[in-house]
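For reference, the chains in residue letters:
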Amino acid sequence: MNYDNLSDEQKQELKQTLNDYASKLGGVNALLTLIENIKKTKPNPLLIKQATFKTDDIIITWEKNIYKDTLTTLFHAIKHEDKNNDMLKGLESKDYKNTMTMMKILKPITIKVQPKDNKYEGFEFPILDTSIAKNTKISFIFKVLFFYNVSIIKKAINYKEN
């Protein structure tokens, strides 16, 4: 995501979406702390065999193991999608095949984000957003939690209209 190229309307919408997710975890600080914990965990938390990632306040779970090659293909797909607004368009044959395989593997996986104290509702989401037929995208909140730079998220949350 190239935040600086977004319109004011898109920035406002992004801020609202992030605040909606943050409220389900206990606020903006809870969301940002979670993202920072995910970013500093090596290897990537999605590679944990138990399919569970815990912080002091939040538990993230998903249904099955995700392997490094699938995760690498997913991250390449995110870059391609953000650049071309489509994760498949214009891919070479080998990359297309790898991306389609990754999509088949990840399509049934839902990620659940739940505060440990259950004071807030938390949320869950599929990794792949298939809400529009023949236009599968990577879920926005997945990209926020596991891919986008924290500084971009902070900038979006703190956006103020001119």
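This write-up is about the structure you can find in this document. If you're wondering where the values come from, they're calculated on a predicted model, not measured in any experiment. (Residues numbered from 1 in each chain as written. Predicted model: local features only at pLDDT ≥ 70, side-chain atom pairs only at ≥ 80, totals over all residues. Heavy atoms only, no water.)

Residues Ile58, Ile60 and Trp62 point to one face of strand 2 (residues 58-62) and are all buried, whereas Ile59 and Thr61, pointing to the other face, are not buried. The pairing of strand 1 (residues 52-54) with strand 2 spans three bridges and is classified as antiparallel. Note that in strand 2 the partner of Phe53 across the bridge is Ile60. (Buried < 20%, exposed > 50% of the residue type's maximum accessible area, 1.4 Å probe, protein only. Helix = DSSP H or I, 4+ residues; strand = E, 2+ residues; numbered from the N terminus. Pairing = 2+ DSSP bridges.)

Locating Asp56 in the fold gives a position in the loop between strand 1 and strand 2. Spatially, the C-alpha atom of Asp56 lies 16 Å from that of Ala22, the residues being 34 residues apart in sequence.

Next up on the list: the sheet that holds strand 4 (residues 123-126). Strand order in this open sheet of four strands is 1-2-3-4, and the pairing throughout is antiparallel. This sheet does not close on itself; its edge strands, each paired only once, are strand 1 and strand 4. Looking at each pair of strands side by side, their axes are set apart by 15° on average, direction ignored. Strands in contact with helix 2 (residues 28-40) are strand 1, strand 2 and strand 3 (110-115); relative to strand 2, the strand with the most contacts, it is inclined by about 60°. (Axes fitted to C-alpha atoms, helices over the stretch in contact; angles between N-to-C directions. Contact = heavy atoms within 4.5 Å.)

Take helix 1 (residues 8-23) next. With 16 residues, helix 1 ought to run about 22 Å at 1.5 Å a step, and its terminal C-alpha atoms sit 22 Å apart, in line with that. Every buried residue belonging to helix 1 is among Lys11, Leu14, Lys15, Leu18 and Ala22, and all of these are buried. All buried residues of helix 1 fall inside an arc of 100° around its axis, so they share one side. Helix 1 presents Glu9 and Glu13 as exposed residues on the side facing more than 90 degrees away from its buried surface. Residues of helix 1 that are buried in the fold lie against helix 2, helix 5 (140-146) and helix 6 (150-157). (Expected span 1.5 Å × (residues − 1). Arc of directions from axis to C-beta.)

Taken as a whole and judged by the stated rule, the model has five aromatic pairs. Ring geometry for Tyr21 and Phe123: centres 4.7 Å apart, planes at 65°, overall edge-to-face. Of this pair, Tyr21 sits in helix 1 while Phe123 sits in strand 4; the two residues are 102 residues apart in sequence, bridging distant segments of the chain. (Phe/Tyr/Trp six-rings, centres within 6.5 Å; stacked < 30°, edge-to-face > 60°.)

What follows covers the pairing of strand 4. Only one face of strand 4 is buried, namely the one carrying Phe123 and Phe125, since none of Glu124 and Pro126 on the opposite face is buried. With four bridges connecting them, strand 3 and strand 4 associate as antiparallel partners. Bridging from a neighbouring strand, Thr110 pairs with Pro126 of strand 4.

This next bit is on the environment of Asp86. Mapped onto the elements, Asp86 comes out in the loop between helix 3 (68-84) and helix 4 (93-106). Between the C-alpha atoms of Asp86 and Thr101, which are 15 residues apart in sequence, the distance is 16 Å. Once residues lying within four places of it in the same chain are set aside, the contact partners of Asp86 are His80, Glu81 and Lys137. Within the local environment of Asp86, its side chain forms a polar contact with the backbone nitrogen of Leu88, the two atoms lying 2.8 Å apart. (Polar contact = N/O pair within 3.5 Å; in protein donor to acceptor, adjacent residues only side chain to side chain.)

Turning to the packing of helix 3 against helix 4, a few remarks are in order. The interhelical angle for the contact between helix 3 and helix 4, taken along N-to-C directions, is 110°, at an axis separation of 9 Å. What the angle tells us is that helix 3 and helix 4 run roughly perpendicular. Where helix 3 crosses over helix 4, the two elements pack in a sense that is left-handed. For the pair formed by helix 3 and helix 4, the contact residues are Thr70, Thr73, Leu74 and Ala77 on the first element and Asn98, Thr99, Met102, Ile105 and Leu106 on the second. Residues belonging to the contact of helix 3 with helix 4 are distributed by class as follows: five nonpolar, four polar and no charged. (Parallel < 35°, antiparallel > 145°, perpendicular 65-115°, else oblique. Left-handed = near helix turned anticlockwise from the far one by under 90°. Nonpolar A, V, L, I, M, F, W, Y, C, P; charged D, E, K, R; others polar.)

Formed by 45 residues in total, the largest nonpolar core has its most connected members in Ile60, Ile111, Val113, Phe142 and Leu145. Those residues in contact with Leu145, other than ones at most four positions away along the chain, are Leu31, Leu34, Ile35, Ile38, Lys39, Val113, Phe123 and Phe125. (Core = buried A, V, L, I, M, F, W, Y, C linked by side-chain atoms within 4.5 Å.)

It is worth stressing that arrangement in space is one thing and function is another; only the former is reported here.
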